[in-house]
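Report on the structure
So the chains spell out like this:
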Amino acid sequence: PHPVVPHPADGRTSTPVIGTRPGGHWFTGRDAEHTELGRGWVVRCVAADDSLSGQAELIVRFEEAHSRMARQRRFPLDDPHLTPAGPAPVQSME
């Protein structure tokens, strides 16, 4: 089981943080990278007690500026294809 802990930036409990991975904690709004689906961000951290599977999960939305349609997927915390990512580079709108 992965505990839900306060957000590391300011200690707020309204933004749950679940588990740790190389590269940091998972929290709502965290940028993520999937080896097959590309870049996205965590829409929701689901604690094991609130999950249908009984395991802590992440709901990640995959969408970029050039994406035609966004996709949301549910992943276990230990999915080897999903890692925390830094912010996406800012692209010019020109």
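See the structure printed just above.
Values in this document were obtained by computation on a predicted structure and should not be read as measured data.

Comments concerning the nonpolar core
Formed by W26, A32, V42, C45, A56, L58, V60, F62, F75, L77 and L82, the largest nonpolar core amounts to 11 residues. Going through the elements one at a time, β5 (38-46) and β6 (57-62) are the ones with two or more residues in this core. With 3 residues, β6 is the largest single contributor of residues to this core.

Regarding the packing of aromatic side chains
Working definition: an aromatic ring pair is given by the centre-to-centre distance plus the angle between the planes. Enumeration according to the criterion identifies 1 aromatic pair in this entry. For the ring pair F62 and F75, a centre distance of 6.0 Å and an interplane angle of 85 degrees mean the geometry is edge-to-face. One end of the pair, F62, is in strand β6; the other, F75, is in strand β7 (residues 71-76), with 13 residues separating them in the sequence. Note on F62: relative accessible area 2%, which makes it buried. Owing to a relative accessible area of 7%, F75 belongs among the buried residues under this scheme.

Re the side chain of H34
You can see H34 is positioned in strand β4 (residues 31-34). Engagement of the side chain of H34 in a polar contact is seen with the backbone nitrogen of E36, the distance being 3.0 Å. A distance of 3.2 Å separates a polar side-chain atom of H34 from the backbone nitrogen of L37. With residues up to four places along the chain from it excluded, the contact list for H34 reads F62, F75, D79, H81 and L82.

About the thresholds
- Residues numbered from 1 in each chain as written.
- Predicted model: local features only at pLDDT ≥ 70, side-chain atom pairs only at ≥ 80, totals over all residues.
- Heavy atoms only, no water.
- Core = buried A, V, L, I, M, F, W, Y, C linked by side-chain atoms within 4.5 Å.
- Buried < 20%, exposed > 50% of the residue type's maximum accessible area, 1.4 Å probe, protein only.
- Helix = DSSP H or I, 4+ residues; strand = E, 2+ residues; numbered from the N terminus.
- Phe/Tyr/Trp six-rings, centres within 6.5 Å; stacked < 30°, edge-to-face > 60°.
- Polar contact = N/O pair within 3.5 Å; in protein donor to acceptor, adjacent residues only side chain to side chain.
- Contact = heavy atoms within 4.5 Å.

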